Amino acid sequence: MAEPSAAWEPVPRSRTFELVLARIEDQILAGNLSVGDRLPPERELVELLGVSRAAVREALRILEAQGVLRSRVGTGPDSGSVITAMPSDGLTQLLRLHMALANFPLDDVVEARATLERSSARLAAGHASQEDLARIREPLIRMDDEALARELFNDHDTAFHVAIAEAGGNRLMADMTVAVRNAVRRTLLTAFHRIADWEPIAARLRADHHAIYDAIAAGDVERAGDLVEQHIRSFHDDVVRKALSMPEARAAVTGTGAGPA
């Protein structure tokens, strides 16, 4: 049930564009604006909120950059600023930048990934269609190529985990998985390149991934969740932490800590 309607009220003149953003957010949270609705014209917003046109334009520019608004030029009934559903790319970009700037401790990232991906794997085991299983299996097969460069291995590894999240049918989990993996990509590659004897590690990852896939394909909810969590935590403890503890690796790491593969 929507909250009581929020009124368009004038805002204080300090930090006006941020306060304009807050007023528009209030309208969305109150249920007065939803996907497909059109905002009042700039001139009307200026009068409703008691702010300058520059403040309104800056707020609209930010919302458009975030994927919340789509501007339609012209003077007809379809012109103006329209509320849109934030695309997955927009959400993952915001999460990725936040993670990179927040510099979360490595253990926090690992804990979040283990919890998130355990749930994703359980959902996938209970809901995955044959098409979903094919999408999960495709990067798995690509990772079986022993001549694969480490960068490509990591890309297919990411695609494998994302496909599992998408197969679970929870769009938010899938978007968060993409964001976390993209945020830690550089650090993961740093760890990968610090591993002198790469092939045994790659073989271990392949075995883990095949076991996870088999559990999902078999519909074994508990085993799928257990295997993913064990995979993330053990690889972090046994491989990534050791690789990143080397002086050369620490110097190369920026942003958030590296999660497991």
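Structure: see above.
Draft legend 1. Summary view of the overall build of the protein. For the protein, the helix and strand inventory stands at twelve helices and two strands. Its helices and strands in sequence order give the protein the pattern α-α-α-β-β-α-α-α-α-α-α-α-α-α, from N to C terminus. In the protein, the proportion of contacts linking residues at least 24 apart, taken out of those at least 6 apart, comes to 72%. Counting only carbon and sulfur atoms, one obtains 53% of the accessible surface of the protein, whose full area is about 13,500 Å².

Draft legend 2. Quick peek at the nonpolar core. Among the nonpolar cores identified, the biggest contains 41 residues, and Ile136, Phe153, Phe160, Ile164, Phe192 and Ile216 are the most heavily contacted of them. Here this core gets nine residues from one element, more than from any other, and that element is helix H11 (residues 221–244). Contacts of Ile216, omitting those with residues within four sequence positions, involve Ala121, Ala124, Ala125, Ala128, Leu133, Ile136, Ile164 and Ala224. Counting residues in hydrophobic clusters, the runner-up holds 18 residues, among them Leu21, Ile24, Leu63 and Val68.

Draft legend 3. Highlighting the packing of aromatic side chains. The full count for this structure, using the stated rule, is three aromatic pairs. Between the aromatic rings of Phe153 and Trp198, the centroid separation amounts to 5.3 Å while the plane-to-plane angle is 85°, which identifies the pairing as edge-to-face. Residue Phe153 is found in helix H7 (residues 150–167), and its partner Trp198 is found in helix H10 (residues 198–217); the two are separated by 45 residues along the sequence. On the basis of relative accessibility, which here comes to 0%, the residue Phe153 falls in the buried class.

Draft legend 4. Spotlight on the packing of H7 against helix H8 (residues 171–183). Look at H7 against H8: their axes get within 8 Å of each other, and the N-to-C directions meet at 160°. With respect to their mutual orientation, H7 and H8 come out roughly antiparallel. Crossing of H7 against H8: the hand is right-handed. Between H7 and H8, the residues in contact are Asn154, Asp157, Thr158, His161, Val162, Ala165 and Glu166 and Met173, Ala174, Thr177, Val178 and Arg181, respectively. Here the residues of the contact of H7 with H8 sort into five nonpolar, four polar and three charged.

Draft legend 5. Broad picture of empty space enclosed by the protein. If you walk through the whole model with that rule in mind, you get one cavity of 30 Å³ or more. Quantified by volume, the largest cavity comes out at close to 40 Å³. Considering the residues around the largest cavity, the lining is formed by Glu117, Ser120, Ala121, His161, Ile164, Ala165, Thr177 and Val228. Within the lining of the largest cavity, the residues separate by chemical class into four nonpolar, three polar and one charged.

Draft legend 6. Molecular detail of the layout of surface pockets. Considered as a void within the structure, the second largest pocket measures approximately 250 Å³ in volume. In this structure, the second largest pocket is lined by twelve residues; those nearest its centre are Glu25, Ile28, Leu63, Gln66 and Val68. Residue assignment for the lining of the second largest pocket shows that the elements contributing at least two residues are helix H1 (16–29) and helix H3 (53–65). Within the lining of the second largest pocket, the residues separate by chemical class into nine nonpolar, two polar and one charged.

Rules and cut-offs
- Residues numbered from 1 in each chain as written.
- Predicted model: local features only at pLDDT ≥ 70, side-chain atom pairs only at ≥ 80, totals over all residues.
- Heavy atoms only, no water.
- Helix = DSSP H or I, 4+ residues; strand = E, 2+ residues; numbered from the N terminus.
- Contact = heavy atoms within 4.5 Å.
- Areas by Shrake-Rupley, 256 points an atom, 1.4 Å probe, with all protein chains shown as cover.
- Core = buried A, V, L, I, M, F, W, Y, C linked by side-chain atoms within 4.5 Å.
- Buried < 20%, exposed > 50% of the residue type's maximum accessible area, 1.4 Å probe, protein only.
- Phe/Tyr/Trp six-rings, centres within 6.5 Å; stacked < 30°, edge-to-face > 60°.
- Axes fitted to C-alpha atoms, helices over the stretch in contact; angles between N-to-C directions.
- Parallel < 35°, antiparallel > 145°, perpendicular 65-115°, else oblique.
- Left-handed = near helix turned anticlockwise from the far one by under 90°.
- Nonpolar A, V, L, I, M, F, W, Y, C, P; charged D, E, K, R; others polar.
- 1 Å grid on protein atoms, 1.4 Å probe; cavity = no way out; pocket = protein on both sides within 12 Å on 5 of 7 lines; lining within 4 Å.
- Points joined across faces, edges and corners; volume = space filled by probe spheres on them.

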